[in-house]
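# A structural walkthrough
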Amino acid sequence: MGKVITVWGSPGSGKSMFSCILAKALTRDKRKAIIINAEISVPMLPVWLPDQIIQTNASVGQVLSSVEIDTSLVASHVTVLKSYPFIGLMGYSAGENPLSYPEIKYAMVLQLVNAAAKLVDFVILDCSSNMTNVFTPAAIESGDLVVRLLTPDLKGINYLKAHQPLLVDGRFHYDQHLTFAGMARPFHALDEMGYIIGGFDGLLPYGKEIDRCATEGGMFQAIKYCNPKYTASLNKVLDALEQMELAEQALTDESLVDALAQEIAGSSRIRRQKAASTVALIADKDASVLLPFADDIASGLTKPEAQTRWEVLHALDQMGKAGQRYDEDVLVAAEDSLYDETNGFVREAAFHFFCGYGSASTDNSEEVWTQIDEAIQCYHGNPEFTD
């Protein structure tokens, strides 16, 4: 199965352009990607391919209005770039409008994404900003990695505030989305806007050359004009996908898990952070494979960087639920994280760890109840712990 990357966010934040640039980056090594856009108010096939005449029967609307969606149906409706055959496109055709097809069904979007993921290495879902288009919430649910683009202004911030309540269900993994400031310009108050939403993971700055690619119908040429900040954000997505692939391999290769645990215990800050992030992904899939390496993983609690500690705490939480018992040194280090004054993510991860560990058995509960009780008294009413 291919990886599904969902791109959603506020209007005018550069979602479609980012999807095209991402597709180009993902297929540099000749792996294959499909971009799917189901925004019928602006049919994307003629935007992507203005010089190519595309028949209406190639429209994604034909697929979504079918009785059942399978791989053969999807494959027959993919339009491949003539100049770059590693990228396929699915969208609405020129002249189609909201009355051209029956209303889209949520279940059919899930079928489409699932079938497309069986055909290629990557499926990129370029979403509408409108949540009433069910493609968007279904795409967010389906995404292995979700990228949220917001214009760093009051429109972007208020778009997020309006739509966050619609995505509180756990299947949308709202807190795990990467958030980028899209179409960022020098006059934007990036720090202030980032503070309001909890921070940006990266910037996608506005560029005249990229904008020209969009207006002239050359969206797949824009990757040549990405500045260093745009490229750094793009690399964050590529690194996250690489970590997902490594986590899946580690589920069946104990030597990889051992190597990751050694990296967490090692001296390189960057390697520790990447290894801890990958171990956290493994823990979500099958924490039992991590149990033989608990000591090395737990050593990450003593490292200075916050990311290593909160990722390790998440992994230890999952391992505790899988039956791992921890000695006093680990619990003391976790307690130090519980009162870390420099980072809220570390504090919250430590709180989850103690609650999860205590819920695993009566003995565990008795062992950590003092820490949980003290934390409740300290953090009662704190916005970090509203859940």
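Residues numbered from 1 in each chain as written. Predicted model: local features only at pLDDT ≥ 70, side-chain atom pairs only at ≥ 80, totals over all residues. Heavy atoms only, no water.

## Observations concerning the overall build of the protein
Helix and strand counts for the protein come out as 17 helices and eight strands. Taken over C-alpha atoms, the radius of gyration comes to 23 Å for the protein, in line with the 21 Å a tight globule of 387 residues would show. Overall, the C-alpha framework of the protein stretches about 70 × 45 × 40 Å when taken along its three principal axes. By the burial criterion, 52% of the 387 residues in the protein qualify as buried. The long-range share in the protein, meaning contacts at least 24 apart out of those at least 6 apart in sequence, stands at 73%. With the model as given, the accessible surface of the protein reaches about 18500 Å², and the carbon-plus-sulfur share is 51%. Here the protein contributes 30 positively and 50 negatively charged side chains, and the mean placements of these two sets differ by 11 Å. (Helix = DSSP H or I, 4+ residues; strand = E, 2+ residues; numbered from the N terminus. Rg over C-alpha atoms; globule rule 2.2 N^0.38 Å. Buried < 20%, exposed > 50% of the residue type's maximum accessible area, 1.4 Å probe, protein only. Contact = heavy atoms within 4.5 Å. Areas by Shrake-Rupley, 256 points an atom, 1.4 Å probe, with all protein chains shown as cover. Lys, Arg positive; Asp, Glu negative; His and termini not counted. Charge placed at Lys NZ, Arg CZ, Asp CG, Glu CD.)

## Section: helix 11 (residues 254-265)
Since the α-helix advances by 3.6 residues per turn, residues separated by three or four positions end up pointing in the same direction. Given a rise of 1.5 Å per residue, 12 residues ought to cover 16 Å, and the 17 Å separating the end C-alpha atoms of helix 11 matches this to within 8%. Within the span of helix 11, buried status applies to V257, L260, A261 and I264. When helix 11 is viewed along its axis, its buried side chains cluster within an angular range of 100° and face the same direction. Of the surrounding secondary structure, the elements contacted by the buried residues of helix 11 are helix 10 (228-250), helix 12 (269-286), helix 13 (294-298) and helix 14 (306-321). (Expected span 1.5 Å × (residues − 1). Arc of directions from axis to C-beta.)

## Here we look at the packing of aromatic side chains
For the structure on display, the rule yields 10 aromatic pairs. Ring centres of W310 and F345 lie 5.1 Å apart, and the angle between their planes is 45°; this geometry places the pair in the tilted category. Taken together, the residues span a long stretch of sequence, with W310 in helix 14 and F345 in helix 16 (residues 344-359) at a distance of 35 residues. In this structure F345 comes out as exposed when scored by relative accessible area, which is 52%. Measuring from ring centre to ring centre gives 5.8 Å for F353 and Y357, while their planes differ by 10°; the resulting arrangement is stacked. A residue pair is termed a helical-turn pair when its members lie 3 or 4 positions apart in one helix, as F353 and Y357 do in helix 16 at four residues. (Phe/Tyr/Trp six-rings, centres within 6.5 Å; stacked < 30°, edge-to-face > 60°.)

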